[in-house]
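In case you want the letters, here they are:
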Amino acid sequence: LEKPSKKEQHSERKKGIPWTEEEHRLFLLGLEKYGKGDWRSISRNFVVSRTPTQVASHAQKYFIRLSSINKRDKRRASIHDITSVDQADLASVHAARQASQEALAQAQAQAAGQQGKPMFGGGMVSMPPASYVSNMNMPQSGPQQYV
């Protein structure tokens, strides 16, 4: 069994999913509340669809873009060009955040209701230990905070 070459390893690298405008606006709100550097709080409380590492990477690109805004003659448009959130944006972001929290709560309630019930041919399905769940960034039952 041969080791893949550097080029092959690089091509197998997971591709990032582009940030949506909504995620970027949530990022800006989190940045305003928690400041530069508290990526974990921004991830947990604003951009819940992204990990703290992803938020930090997005911030790095955002600040690079911000600092080069004057030199941007021939640059194409970017999500990082959005630098503020107006009241209409704020209302839509709050509505989207509320909807995503309700969907998460509903999914957690449904999952809690399914726990221990027969599934696919009557076998029992059990949850892994809580330590596995938190390490895998999977939802746990109850209102715990995730790492």
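All of these numbers come straight from a predicted model, not from anything done at the bench. (Residues numbered from 1 in each chain as written. Predicted model: local features only at pLDDT ≥ 70, side-chain atom pairs only at ≥ 80, totals over all residues. Heavy atoms only, no water.)

## Section: helix H2 (residues 21-34)
For the record, the criterion: The way it works is that DSSP assigns letters per residue, a run of H or I at least four long becomes a helix, a run of E at least two long becomes a strand, and they are numbered from the N terminus. Here a helix's expected span is defined as the number of its residues, less one, multiplied by 1.5 Å. Only protein chains enter the accessibility calculation, which uses a 1.4 Å probe; a residue is then buried when its area is under 20% of its type maximum, exposed when over 50%, and partly exposed in between.
The terminal C-alpha atoms of H2 lie 20 Å apart, and with 14 residues this matches the ideal 20 Å at 1.5 Å per residue to within 8%. Listed in full, the buried residues belonging to H2 are Glu23, His24, Arg25, Leu26, Phe27, Leu28, Leu29, Gly30 and Leu31.

## Thoughts on the pattern of salt bridges
Cut-off, in case you're wondering: Here, a salt bridge means any side-chain nitrogen of Lys or Arg that lies within 4 Å of a carboxyl oxygen of Asp or Glu.
Counted according to the given criterion, the structure contains two salt bridges. Arg25 is the partner of Glu21 in a salt bridge, and the nearest nitrogen-oxygen pair spans 3.0 Å. On the criterion of helical spacing, the pair formed by Glu21 and Arg25 is a turn pair, its members being four residues apart in helix H2. Classification of Glu21 as partly exposed rests on a relative accessible area of 45%. Judged by relative accessible area, which is 15%, Arg25 ranks as buried. Put simply, Arg50 and Glu23 hold a salt bridge, and the shortest N to O gap is 3.0 Å. Pair noted here: Arg50 is in the loop between helix H3 (39-45) and helix H4 (52-67) and Glu23 is in helix H2, with a separation of 27 residues, a long-range link. Residues Arg50 and Glu23 agree in their burial class; the two are buried.

## Section: the packing of H2 against H4
Operational definition: The axes are straight lines fitted to the C-alpha atoms, using for helices just the contacting stretch, and the angles between their N-to-C directions are given from 0 to 180°. Relative orientations are named as follows: roughly parallel for angles under 35 degrees, roughly antiparallel for angles over 145 degrees, roughly perpendicular for angles from 65 to 115 degrees, and oblique for any other angle. Note on definitions: a residue-residue contact is assigned when non-hydrogen atoms from the two residues lie within 4.5 Å. Under the scheme applied here, ten amino acids are nonpolar (Ala, Val, Leu, Ile, Met, Phe, Trp, Tyr, Cys and Pro), four are charged (Asp, Glu, Lys and Arg), and all others, including Gly, are polar.
Across the interface, H2 lies against H4 with an axial gap of 12 Å and an inter-helix angle of 90°. Taken together, the axes of H2 and H4 are roughly perpendicular relative to one another. On H4, the residues touching His24, Phe27, Leu28 and Leu31 of H2 are Val55, His58, Ala59, Tyr62 and Phe63. Tallied by class, the residues present in the contact of H2 with H4 amount to seven nonpolar, two polar and no charged.

## Things to note about the environment of Asn45
Note the cut-off: Here a polar contact means two N or O atoms within 3.5 Å. Within protein one must be a hydrogen donor candidate and the other an acceptor candidate, and residues neighboring in sequence count only if both atoms are side-chain atoms.
Examined against the element boundaries, Asn45 turns out to sit in helix H3. Relative accessible area serves as the criterion here: at 25%, Asn45 is assigned to the partly exposed category. Between the C-alpha atoms of Asn45 and Tyr34, which are 11 residues apart in sequence, the distance is 9.9 Å. Aside from chain neighbours lying at most four places away, what touches Asn45 is Tyr34 and Arg97. Within the local environment of Asn45, its side chain forms a polar contact with the side chain of Tyr34, the two groups lying 3.1 Å apart.

## Let's talk about the nonpolar core
Inclusion rule: Nine residue types can take part in a nonpolar core, namely buried Ala, Val, Leu, Ile, Met, Phe, Trp, Tyr and Cys, and a core is a set of them joined through side-chain atoms within 4.5 Å.
Counting residues in each nonpolar core, the largest one holds 15 residues, and the members touching the most others are Phe27, Leu31, Trp39, Ile42, Phe46, Val47 and Val55. Where this core is concerned, the elements lending two or more residues are H2, H3 and H4. Beyond its immediate stretch of four places on either side in the chain, Phe27 contacts Trp19, Trp39, Ile42, Val47, Val55, His58, Ala59 and Tyr62.

## Some thoughts on the packing of aromatic side chains
The condition that has to hold: Only centres within 6.5 Å qualify two rings of Phe, Tyr or Trp (six-membered ring in Trp) as a pair; their planes then separate them into stacked at under 30 degrees, edge-to-face at over 60, and tilted for everything else.
Under the defined criterion, the tally for this structure stands at four aromatic pairs. Considering the side-chain rings of Trp19 and Phe27, the 6.2 Å spacing of their centres and the 85° angle between planes classify their relative orientation as edge-to-face. The two residues Trp19 and Phe27 agree in class, both being buried. Plain terms: the ring middles of Tyr62 and Phe63 are 5.2 Å apart, the flat faces sit at 65° to each other, and that makes the pair edge-to-face.

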